[in-house]
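Notes for the structure review
Listed below, chain by chain, are the residues.
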Amino acid sequence: MRYERNWAGNYTFSAAECHLPENLEEVQALVASSSRLKVIGSRHSFNGIADTTAAHLSMERMNRILSLDRDQNRVTVEGGVRYGDLCSYLHEQGYALHNLASLPHISVAGACATATHGSGEANGNLATVVYSLEIVKADGELVTFTRDDANGEFFGAVVGLGALGVVTKITLDVVPAFNMTQHVYEGLPLSEVRNNFDVIVSSGYSVSLFSDWTDTTFNQVWLKQTAPAGADVVPGAEQFHGAKLSGVNLHPVPGQGADHCSEQCGIAGPWHERMPHFKMAFTPSAGEELQSEYIVPREHALPALEAIANLREDIAPLLFTSEVRTIAADRLWLSPCYKQDSVGFHFTWKPEWEAVRQVLPRIEALLEPFDARPHWGKLFTMSAEQLQPLFPKLPDFRALALRYDPEGKFRNAYLETYLFTS
Ligand SMILES: Cc1cc2nc3c(=O)[nH]c(=O)nc-3n(C[C@H](O)[C@H](O)[C@H](O)COP(=O)(O)OP(=O)(O)OC[C@H]3O[C@@H](n4cnc5c(N)ncnc54)[C@H](O)[C@@H]3O)c2cc1C
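Below: a short report on this structure. All of these numbers come straight from a predicted model, not from anything done at the bench. (Residues numbered from 1 in each chain as written. Predicted model: local features only at pLDDT ≥ 70, side-chain atom pairs only at ≥ 80, totals over all residues. Heavy atoms only, no water.)

**Let's talk about the pairing of strand β5 (residues 74–78)**
For β5, a buried count of 5 out of 5 residues is recorded, marking the element as mostly surrounded by other parts of the structure. The side-chain alternation of β5 yields two buried faces, one formed by Arg-74, Thr-76 and Glu-78 and the other by Val-75 and Val-77. Bridge count for strand β4 (residues 65–69) against β5 is 4 bridges, and the pairing is antiparallel. Bridge pairing in β5 links Ser-67 to Thr-76. A loop of 4 residues connects β4 with β5, the two strands running antiparallel in sequence, and Asn-73 in this loop sits at a positive phi of about 55°. Here β5 runs beside strand β9 (residues 166–173); their pairing, made up of 5 bridges, is antiparallel. Looking at β9, one finds that Val-77 is bridged to Ile-170. (Buried < 20%, exposed > 50% of the residue type's maximum accessible area, 1.4 Å probe, protein only. Helix = DSSP H or I, 4+ residues; strand = E, 2+ residues; numbered from the N terminus. Pairing = 2+ DSSP bridges.)

So, in structure tokens, the structure goes:
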């Protein structure tokens with residue numbers, strides 16, 4: 001068995017085979033007997049982060065929810081669990097996660113390993129609710145990192161890009177279940193965003209601004225709010241900073257039907273059926289696509305937005321859509337939001353890599369004065385020399401990885417290039 005490509009189909013893996021262990025002992029034996037190995041999650045990254053020329057190890061058969069601790073408000077899952085399955089279980093049990101990405105299809109371990117995020121001023125990325133990780137390290141032995149550990153290594157291990165070993169178990173903080181509504185507004189003028197950015201992005205629990213940059217208007221604003229208990233429908237205001245409330249469900253990519261999208265129009269529903277833009281049972285986003293995202297410190301949000309607006313005519317022909325989201329600061333060493341509230345500028349590109357590859361360096365050059373950090377799992381063109389200074393804890397991370405994987409068993413070309421070559 002081998003995985004040939006990633007989810008989007010834009011990246012062909014070089015792995016000769018893929019192991020699918022069914023229990024911890026098998027994982028340990030596989031790791032101990034291999035000289036090189038790379039864990040693969042649900043394959044939703046767009047670059048070579050999960051590739052290897054040796055063998056893949058997939059945790060997809062180890063996808064059980066192990067325990068729910070109602071005293072500590074924590075859930076423990078195996079390394080192959082996907083958010084969609086975990087969220088349904090948690091909701092049935094009366095619990096929720098604080099935030100979700102745009103899609104529920106991704107694995108918890110893979111998403112946390114790359115600092116995957118959703119939106120919301122007060123919401124850190126998905127890895128910020130990790131309480132502990134059990135990892136099979138290079139010698140096949142187990143190590144557990146916990147937020148309470150005195151040595152602080154936990155904060156390096158969580159956004160680990162798979163460099164420390166195989167995450168076999170994760171414990172996450174949970175909160176009481178809640179309902180949410182989603183309202184979508186159309187036609188938010190860029191001038192309104194310029195003048196009222198802070199007000200706009202703090203208008204909901206989670207706010208996403210979408211633009212295809214064909215003009216200087218944000219096509220859509222997705223406003224996700226917590227709903228009062230017992231409410232079935234919460235009417236939205238007719239106007240939002242000049243944008244008009246949509247009376248029908250919309251897809252963030254202009255022209256695409258909304259069947260795949262989570263329910264809108266103020267209809268209240270469980271948190272996990274409103275926070276992601278896309279439903280679990282359907283293909284998320286455009287499908288055949290490319291993605292890039294640059295994360296800048298919050299104080300640079302407006303000049304960064306201006307820089308992107310100035311490139312509008314060059315990027316619009318290549319775009320399905322782009323999305324602006326806020327992410328709260330965290331303490332995770334390789335998180336792009338390490339110690340800084342941030343804004344993510346995301347691009348969903350048409351599958352035209354040759355053209356996208358020409359435009360990415362221009363975006364990166366324009367965002368360079370704002371310390372823009374690339375999303376680890378999406379496409380970027382900046383060099384290791386440009387990237388490394390943007391992650392101040394990278395030398396500590398490198399030392400941590402070398403402690404647990406001295407021979408580089410879990411490294412691949414991506415990790416060698418961006419983390420280990422200085
Ligand atoms: C349609 C679409 C929408 C997206 N939306 C968002 C979004 O809203 N926000 C956002 O931030 N990102 C988003 N992404 C990006 C995505 O969340 C990340 O690429 C994420 O890492 C994918 O998780 P995965 O399980 O597919 O990991 P993979 O891509 O398979 O692997 C990513 C990394 O995780 C490591 N890994 C995976 N499992 C383990 C494990 N058990 N132990 C150790 N290491 C492991 C791999 O080795 C690799 O280094 C989106 C991607 C797609 C395709």
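**Brief notes about the sheet that holds strand β1 (residues 17–19)**
Strands sit in the order β1-β3-β2 across an open sheet of 3 strands; the sheet is parallel. Single-partner strands in this sheet number two, and they are β1 and β2 (37–40). Recorded for the sheet is a direction-independent mean angle of 35° between the axes of neighbouring strands. (Axes fitted to C-alpha atoms, helices over the stretch in contact; angles between N-to-C directions.)

**As for the site of the ligand**
Close to the ligand lie 37 residues; Val-39, Gly-41, His-44, Ser-45 and Ser-107 are nearest. Between the ligand and Leu-161, the relevant distance is 3.0 Å, taken from an oxygen atom to a main-chain nitrogen or oxygen of the residue. Taken by itself the ligand offers 970 Å² of open surface, and the protein chains cover 99% of this. Counting residues per element, the ones that place at least two in the shell around the ligand are β2, α3 (108–113) and β9. The dominant element in the shell around the ligand, judged by the number of residues it contributes, is α3, at 4 residues. The residue inventory of the shell around the ligand, partitioned by class, reads 16 nonpolar, 16 polar and 5 charged. (Near = heavy atom within 4 Å. Polar contact = N/O pair within 3.5 Å; in protein donor to acceptor, adjacent residues only side chain to side chain. Areas by Shrake-Rupley, 256 points an atom, 1.4 Å probe, with all protein chains shown as cover. Nonpolar A, V, L, I, M, F, W, Y, C, P; charged D, E, K, R; others polar.)

**Describing the side chain of Glu-364**
Mapping Glu-364 onto the fold places it in helix α8 (residues 353–367). Despite its burial, Glu-364 remains without a salt bridge, the nearest opposite charge being carried by Arg-357 at 11 Å. Once residues lying within four places of it in the same chain are set aside, the contact partners of Glu-364 are Tyr-294, Phe-380, Thr-381 and Met-382. (Lys, Arg positive; Asp, Glu negative; His and termini not counted. Salt bridge = Lys/Arg side-chain N within 4 Å of Asp/Glu carboxyl O. Contact = heavy atoms within 4.5 Å.)

**Brief notes about the environment of Glu-26**
Tracing the backbone through its elements, the reader meets Glu-26 in helix α1 (residues 24–33). Taking the relative accessible area as the measure of exposure, Glu-26 reaches 36% and is therefore partly exposed. For the pair formed by Glu-26 and Thr-171, sequence separation is 145 residues and the distance between their alpha carbons is 21 Å. Those residues in contact with Glu-26 that lie beyond four places of it in its chain are Leu-20 and Pro-21. A distance of 3.2 Å separates a polar atom in the side chain of Glu-26 from the backbone nitrogen of Glu-22.

**Section: a negative patch on the surface**
Together, Glu-299, Asp-341, Glu-368 and Asp-371 make up a region of like negative charge exposed at the surface. Positionally, Glu-299 belongs in the loop between β17 (290–297) and α6 (301–310). (Patch = residues over 30% accessible without salt bridge, like charges linked within 9 Å, V, L, I, M, F, W, Y side chains within 5 Å. Charge placed at Lys NZ, Arg CZ, Asp CG, Glu CD.)

**Brief notes about the packing of aromatic side chains**
Under the counting rule described, the total for this entry stands at 12 aromatic pairs. Between the aromatic rings of Phe-154 and Phe-155, the centroid separation amounts to 5.1 Å while the plane-to-plane angle is 90°, which identifies the pairing as edge-to-face. According to the relative accessible area criterion, Phe-154 is buried, its value standing at 2%. We classify Phe-155 as buried; its relative accessible area is 13%. Taken together, a centroid distance of 5.6 Å and an interplanar angle of 65° make the contact between Trp-213 and Phe-218 edge-to-face. Classification of Phe-218 as buried rests on a relative accessible area of 1%. Members of the aromatic cluster, connected to one another through ring pairs, are Phe-380, Tyr-414 and Tyr-418. The aromatic ring of Phe-391 is capped on one face by Arg-373, whose charged end is 5.6 Å from the ring centroid. Looking at Arg-411, its charged tip hangs above the ring of Phe-420, at a distance of 4.1 Å from the centre. (Phe/Tyr/Trp six-rings, centres within 6.5 Å; stacked < 30°, edge-to-face > 60°. Lys NZ or Arg CZ within 6 Å of the ring centre and 35° of its normal.)

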